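Descriptive structure summary
As a plain string of letters, each chain reads:
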Amino acid sequence: MSDCIFCRIRDGEIPSDKVYEDDLVLAFRDINPQAPVHILVIPKKHVARLADLKECDQEVAGRIQLVIGEIARQEGIAEDGFRVVVNNGVRANQTVFHLHYHVLGGRDFSWPPG
Ligand code: 5GP
Ligand code: ZN
């Protein structure tokens, strides 16, 4: 059994509220939402951090960008605006070391981020 929480979600060992799935990508609602819409989009393949993506990961990396737009439309946040965040590494407050894109929407966001 994997000790990665998102691999366990992918494998159905931990329940999640899935909003999208294909052969390469999975998306589910964050357990501790920071906005009315807060979805995590992950590659099914275990990649620890954004900076660990390799040449051979181009297809999944590209697919994630498209899936994010599709999810935003599905959730009704595409037109109003939404934020996509990837925390890469300890200094950026990454806590789960399986690459994930936070898709946040349904409220206003400020800049610069904290
Ligand atoms: P990070 O800080 O690594 O960028 O974000 C990790 C995110 O994963 C957090 O927003 C946290 O709430 C979420 N998370 C942690 N454990 C679980 C879980 O078991 N299920 C779901 N759905 N989200 C989780
Ligand atoms: Zn993993």
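Everything below is about the structure shown above.
What you see is a predicted model, and the numbers here were worked out from it, not measured in a lab.

Parameters and conventions
Residues numbered from 1 in each chain as written. Chains lettered and ligands numbered in written order. Predicted model: local features only at pLDDT ≥ 70, side-chain atom pairs only at ≥ 80, totals over all residues. Heavy atoms only, no water. Donors = N, O, S within 2.8 Å, 3.2 Å for Na, K, Ca; no water. Tetrahedral: all angles 85-135°; square planar, octahedral: opposite > 155°, others 65-115°. Buried < 20%, exposed > 50% of the residue type's maximum accessible area, 1.4 Å probe, protein only. Helix = DSSP H or I, 4+ residues; strand = E, 2+ residues; numbered from the N terminus. Pairing = 2+ DSSP bridges. Near = heavy atom within 4 Å. Polar contact = N/O pair within 3.5 Å; in protein donor to acceptor, adjacent residues only side chain to side chain. Areas by Shrake-Rupley, 256 points an atom, 1.4 Å probe, with all protein chains shown as cover. Nonpolar A, V, L, I, M, F, W, Y, C, P; charged D, E, K, R; others polar. Salt bridge = Lys/Arg side-chain N within 4 Å of Asp/Glu carboxyl O. Contact = heavy atoms within 4.5 Å.

Taken together, Cys4 (SG), Cys7 (SG), His46 (ND1) and His98 (ND1) make up the full set of protein donors to the zinc ion (ligand 2), lying 2.0 to 2.3 Å away. Geometry at the zinc ion (ligand 2) is tetrahedral, judged from the 4 donor atoms that bind it and their angles of 106 to 117° at the metal. In terms of primary sequence, the donors binding the zinc ion (ligand 2) are separated according to C-x2-C-x38-H-x51-H. Both residues of the pair, cysteine 4 and cysteine 7, count as buried.

Let us now look at the pairing of strand 2 (residues 25–29). Among the 5 residues that make up strand 2, 4 are buried, leaving the element largely enclosed by the rest of the structure. In terms of strand pairing, strand 1 (residues 18–21) meets strand 2 through 3 bridges, oriented antiparallel. Within the sheet, the bridge partner assigned to glutamate 21 lies in strand 2 and is leucine 26. Counted along the chain from strand 1 to the antiparallel partner strand 2, the turn is 3 residues long.

The environment of ligand 1 is made up of 16 residues, and the closest members are Asp30, Asn87, Thr95, His100 and His102. One nitrogen or oxygen atom from the main chain of threonine 95 is found 2.7 Å from an oxygen atom belonging to ligand 1. Within the side chain of histidine 102, a nitrogen or oxygen atom sits 2.8 Å from an oxygen atom of ligand 1. Contact with the protein chains covers 84% of the free accessible surface of ligand 1, which is 520 Å². Those elements that place two or more of their residues in the shell around ligand 1 are helix 1 (5–10) and strand 2. Considering every element that reaches the shell around ligand 1, the biggest residue donor is helix 1, with 3 residues. Its residues placed into classes, the shell around ligand 1 shows 7 nonpolar, 7 polar and 2 charged.

Counted under the stated rule, the structure contains 11 salt bridges. For arginine 29, the salt bridge goes to aspartate 17, with nearest N and O atoms at 3.5 Å. Residue arginine 29 is found in strand 2, and its partner aspartate 17 is found in the loop between helix 1 and strand 1; the two are separated by 12 residues along the sequence. On the accessibility criterion, arginine 29 (32% relative accessible area) is partly exposed. Through salt bridges with shared partners, one network takes in Asp22, Asp23, Glu59 and Arg63.

Structurally, the position occupied by alanine 72 is in helix 2 (residues 58–75). Look at alanine 72 and you get buried, because its relative accessible area is 0%. As for alanine 72 and arginine 49, which are separated by 23 residues in sequence, their C-alpha atoms are 23 Å apart. Aside from chain neighbours lying at most four places away, what touches alanine 72 is Ile77, Ala78 and Phe82.

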